[in-house]
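Below are the chains, spelled out letter by letter.
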Amino acid sequence: MSPVLTTLRALSPESLDACLTAAIAAVSVHNTQPWLFRAHGPEIDVMADERRRLRVIDPDGRQLAMSVGAAAFNLRVAMRARGRLPVQRILPDSAHPETLVTVFPGPFSPPGAGIRELTAAIGRRHTSRSPLRTSAIPWRVQQDLLAAAAAEGARLTACAPVSRDGLLALTRAAAETLHHNPAYRDEIAAWAGGPAARTDGVPVTAFAPRDAAARLPLRDFRSGRPELYRPVTARFERFPALMVLSTPGDTRYDWIRAGQALQRVLLTATVHGLAVTPMNQALDVPALRHLVGGDGAGPHAQAVLRLGYGSPGPATPRRRVDEVLVGRTP
Ligand SMILES: Cc1cc2nc3c(=O)[nH]c(=O)nc-3n(C[C@H](O)[C@H](O)[C@H](O)COP(=O)(O)O)c2cc1C
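Residues numbered from 1 in each chain as written. Predicted model: local features only at pLDDT ≥ 70, side-chain atom pairs only at ≥ 80, totals over all residues. Heavy atoms only, no water.

This paragraph deals with the site of the ligand. The ligand sits among 19 residues. The nearest are R125, T127, R129, P278 and R318. Taking R125, its side chain carries an N or O atom lying 2.8 Å from an oxygen atom of the ligand. Taking T316, its side chain carries an N or O atom lying 3.1 Å from an oxygen atom of the ligand. When the free accessible area of the ligand is taken as 620 Å², the share hidden by the protein chains comes to 99%. Counted by class, the shell around the ligand contains six nonpolar, nine polar and four charged residues. Looking at which domains feed residues into the shell around the ligand, each of domain 1 (3–125) and domain 2 (132–310) gives three or more. (Near = heavy atom within 4 Å. Polar contact = N/O pair within 3.5 Å; in protein donor to acceptor, adjacent residues only side chain to side chain. Areas by Shrake-Rupley, 256 points an atom, 1.4 Å probe, with all protein chains shown as cover. Nonpolar A, V, L, I, M, F, W, Y, C, P; charged D, E, K, R; others polar. Domains from an automatic or database assignment.)

Considered for burial, the residues of helix α4 (residues 113–122) that qualify are I115, L118, A121 and I122. Along the axis of α4, the buried positions cluster into a sector of 125°, meaning they face one direction only. Those residues of α4 that are buried are in contact with α2 (13–23), α3 (62–81) and α8 (252–271). (Buried < 20%, exposed > 50% of the residue type's maximum accessible area, 1.4 Å probe, protein only. Helix = DSSP H or I, 4+ residues; strand = E, 2+ residues; numbered from the N terminus. Arc of directions from axis to C-beta. Contact = heavy atoms within 4.5 Å.)

In this structure, the largest pocket encloses a volume near 550 Å³. Lining the largest pocket are 29 residues, with V27, S28, V29, T127 and R129 positioned closest to its centre. Residue contributions to the lining of the largest pocket peak at five residues, all from α3. Its residues assigned to classes, the lining of the largest pocket shows twelve nonpolar, twelve polar and five charged. (1 Å grid on protein atoms, 1.4 Å probe; cavity = no way out; pocket = protein on both sides within 12 Å on 5 of 7 lines; lining within 4 Å. Points joined across faces, edges and corners; volume = space filled by probe spheres on them.)

Here the focus is the side chain of R129. Mapped onto the secondary structure, R129 falls in the loop between α4 and β5 (132–134). At 9.6 Å, D220 is the nearest oppositely charged side chain to R129, a buried residue that forms no salt bridge. A distance of 2.9 Å separates a polar side-chain atom of R129 from the backbone oxygen of A206. The residues touching R129, leaving out its near neighbours within four places in the chain, are V202, A206, A208, P209, L218, F221, F236, T277 and R306. (Lys, Arg positive; Asp, Glu negative; His and termini not counted. Salt bridge = Lys/Arg side-chain N within 4 Å of Asp/Glu carboxyl O.)

Structure representation (structure tokens):
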């Protein structure tokens with residue numbers, strides 16, 4: 001670290017708390033919240049909590065790294081909103097592979113309007129799994145979303161109609177394959193539903209209804225224990241807008257960056273009043289993942305997003321900051 005940076009002040013305890021509250025509002029696969037934080041001096045380590053990795057759909061930790069990357073992105077935004085330029089190091093220490101990102105509050109600099117908008121979106125952003133009013137996204141808004149992904153080293157590509165239909169068919173096939181895998185059903189049952197007081201996992205209030213026309217394969221969080229839930233169906237949009245987030249490589253570094261890009265895209269979408277649903281089943285099936293792409297998407301697809309205007313989706317629970325902050329040394 002440069003001598004100039006080391007002379008800078010750490011965040012106050014209140015600011016640290018606010019930054020971590022922002023971090024844990026991030027997206028995470030099945031709301032596993034697979035992160036831990038350690039504050040030492042001015043630095044904050046954002047660490048992977050391997051105990052929360054999904055063994056069936058995430059054997060190599062790709063989605064875990066994306067979730068941690070998303071939390072690190074929110075942390076950076078919150079730090080920037082408090083007038084400090086965040087400096088991050090990704091995979092800073094090979095002796096500590098659990099530390100995926102270290103974020104340091106750099107020089108003082110007042111936040112601009114863009115950061116203030118992203119900050120305000122952190123608490124408003126939720127995954128929406130409802131039918132949408134319209135999938136027509138203005139060109140200017142699409143360009144903002146593409147720029148958000150590019151700013152974090154990823155690529156976001158809008159699907160043309162032919163590749164959209166292909167991707168929907170692939171996702172339906174993946175959903176079917178997953179549904180017939182008992183280990184997948186057990187895993188989803190462990191993370192979806194459950195008591196209302198639970199502070200992680202996907203609550204029943206966030207489950208998607210089934211598409212009455214059986215075209216749009218949103219992830220079915222009931223599939224672990226269908227007998228527990230009343231089947232709900234709804235009429236979804238006929239021509240969903242899909243986008244693919246991809247990265248140039250497929251290493252742990254790329255996954256962390258993909259998570260940062262995903263969170264930046266989602267916050268930018270929230271600023272524009274868009275609702276977004278990740279629908280990644282095709283990426284959970286290794287034999288199908290490499291088929292996701294096309295339309296100039298990068299070689300490694302990391303997320304499939306459905307976007308449009310409609311209900312923003314319900315808030316989902318989070319663990320408290322003191323449950324995920326494992327160390328604080330001055
Ligand atoms: C890597 C990753 C993959 C995800 N895949 C899906 C998915 O396939 N289907 C879905 O409905 N949500 C998916 N999500 C969204 C999470 O379920 C959601 O972020 C989590 O339940 C917390 O809810 P929130 O986004 O409303 O805060 C994914 C999130 C991440 C980070």
